Amino acid sequence: MDSVPKTCKAAVLVEYGKPLEIHEVEIPEIGPGAILVKVLLAGICGTDVHQQKGELTIKSPLPNLQGHETIGQIVKLGEGRVKDAAGEPLAVGDRIMWAHADCGECYWCNIARDPVLCARRSGYGWAPPSALRGGFAEYEYVTPATNVVKVPEELTEEEAVGVGCAFRSVMAGYERLGRIGLMEDVVIQGSGPIGLYSTVVARESGARKVIVVGAPRNRLELAERWGADYVIDIEEMPSAEDRRQRILELTEGRGPLNVVEATGVPIAFAEGLEFIQKGGKYLILGQTSAATVPIMPSRINEKALTIVGSVSAHIVHFYKALQFVKTHRHKYPFAAIVSGHYQLEEVNEALANMAAGREIKPVIDNRGR
Ligand SMILES: [Zn+2]
Ligand SMILES: [Zn+2]
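Residues numbered from 1 in each chain as written. Chains lettered and ligands numbered in written order. Predicted model: local features only at pLDDT ≥ 70, side-chain atom pairs only at ≥ 80, totals over all residues.

Caption draft 1: Structural detail: helix α11 (residues 347-355). Turning to α11, its buried residues number three or more, namely Val347, Ala350, Leu351 and Met354. When α11 is viewed along its axis, its buried side chains cluster within an angular range of 100° and face the same direction. Residues of α11 that are buried make contact with β1 (7-13), α1 (46-53), β15 (338-342) and β16 (361-365). The positive-phi residue at the C-terminal boundary of α11 is Gly357, with phi of around 75°. (Buried ≥ 20, exposed ≤ 12 C-beta atoms within 10 Å, placed from the backbone. Helix = DSSP H or I, 4+ residues; strand = E, 2+ residues; numbered from the N terminus. Arc of directions from axis to C-beta. Contact = placed C-beta atoms within 7 Å.)

What follows is the structure, given as structure tokens:
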């Protein structure tokens, strides 16, 4: 039968800019509808690096427990929690992933019917350690209001972990963008996890040329394995004008009809406006900072551009991203996105390597515990 410990280890952010500390925290009571999982893999995100440094536009109260991209194995199911969001039965031992919980009671949830924009979402990765709603721990608490999906049996944890943040966001973004037409060109700005998943989705959408602009080399190599026809290394080509020329060269002088921004760098938006084709569509996925940059707004109406923004995702996008990985897992090496495995106690080293650009997707790996 399931054995639930009373406490577990968690890496806690006590002070912004200081290393996380390993604390022993109490495991909450698992009431009706709640779930307790053992954290198998917890992805570390660029957002975690900024959060730890206190650089995000929203600062969570301290102390808090980070980690918002977890694969958990069910240890205890609260009364009444019998199925996942797709109607599949849930049992102790199943592997699940989950979305932030929207409130179901606000204008955004019910009238706009866009729960990703819910003003009162209770999320994972920034709550107090006592709530145990973060992946940088041995166990994690999933609230009754949280939608969960099972990880398909054939997937390894490494193949699935990227769904927890980057891939579900990419799925949600492409849904807001609408179809990429057959034989349309797509430029992806950025080669981190969001750029990489944007690449493989563009490839499978029937695009003609998929061109990825990014760095460093190891990420661009993975972009090629995930379907990029051309990569432009910004370290080898640091001038935005040279990059624009190269992109025009590859697209009959017209530029791509679709551009996906996945850099997080504000100036990349201004750059994208310059090479996108007339009548084109621009999907903004990567921006998180409060910085401003000069742009030429006339580019937008004179070129008749459609600009689409998207943030985060809902459970449907987790489901679809997992199905995408399951469907195409023999075609693309999805597990290759995991660039480093760390013990929970090594979380500060993982964050430092992430900050230094030495990782693509590092993970905290609790499977041996
Ligand atoms: Zn993330
Ligand atoms: Zn709401």
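Caption draft 2: Representation of the pairing of strand β9 (residues 186-189) within the structure. Of the two faces of β9, the one holding Val186 and Ile188 and the one holding Val187 and Gln189 are both buried throughout. Judged from the four bridges that link them, β9 and strand β10 (residues 210-214) form a sheet pairing that is parallel. Following the sheet pairing, Val187 is matched in β10 by Ile211. (Pairing = 2+ DSSP bridges.)

Caption draft 3: Spatial organisation of the domain arrangement of the protein chain. Along its sequence, the protein chain is organised into domain 1 (7-154 + 329-365) and domain 2 (168-309). Between domain 1 and domain 2, the C-alpha centre-to-centre distance is 29 Å. At the junction of the two partners, domain 1 supplies 11 residues and domain 2 supplies 15 residues. For the side of domain 1 that touches domain 2, the per-class residue count stands at six nonpolar, four polar and one charged. (Domains from an automatic or database assignment. Nonpolar A, V, L, I, M, F, W, Y, C, P; charged D, E, K, R; others polar.)

Caption draft 4: View of the sheet that holds β9. One open sheet holds the six strands; their spatial order is β11-β10-β9-β12-β13-β14, and the pairing between them is parallel. Of all the strands in the sheet, just β11 (230-233) and β14 (306-309) have a single pairing partner and so form its edges. Averaged over all pairs of adjacent strands, the angle between their axes in this sheet comes to 15°, without regard to strand direction. Against the sheet, helix α5 (residues 193-204) touches β9, β10 and β12 (258-261), its axis set at about 170° to β10. (Axes fitted to C-alpha atoms, helices over the stretch in contact; angles between N-to-C directions.)

Caption draft 5: Focus on the packing of helix α7 (residues 240-250) against helix α8 (residues 267-275). Relative orientation of the contacting elements α7 and α8 amounts to 35°, with a least axis distance of 10 Å. At the point where α7 passes α8, the crossing takes the right-handed sense. Residues Ala240, Arg244, Ile247 and Leu248 of α7 touch α8, and the partners they reach there are Glu271, Glu274 and Phe275. (Left-handed = near helix turned anticlockwise from the far one by under 90°.)

Caption draft 6: How the structure looks around the environment of Ala215. Within the secondary structure layout, Ala215 lies in the loop between β10 and α6 (217-225). On the neighbour-count criterion, Ala215 (18 C-beta atoms within 10 Å) is partly exposed. Between the alpha carbons of Ala215 and Gln189 there is a distance of 10 Å; along the sequence they are 26 residues apart. With residues near it in sequence (within four places) discarded, Ala215 still touches Ser191, Leu220, Asp233, Ile234 and Glu235.

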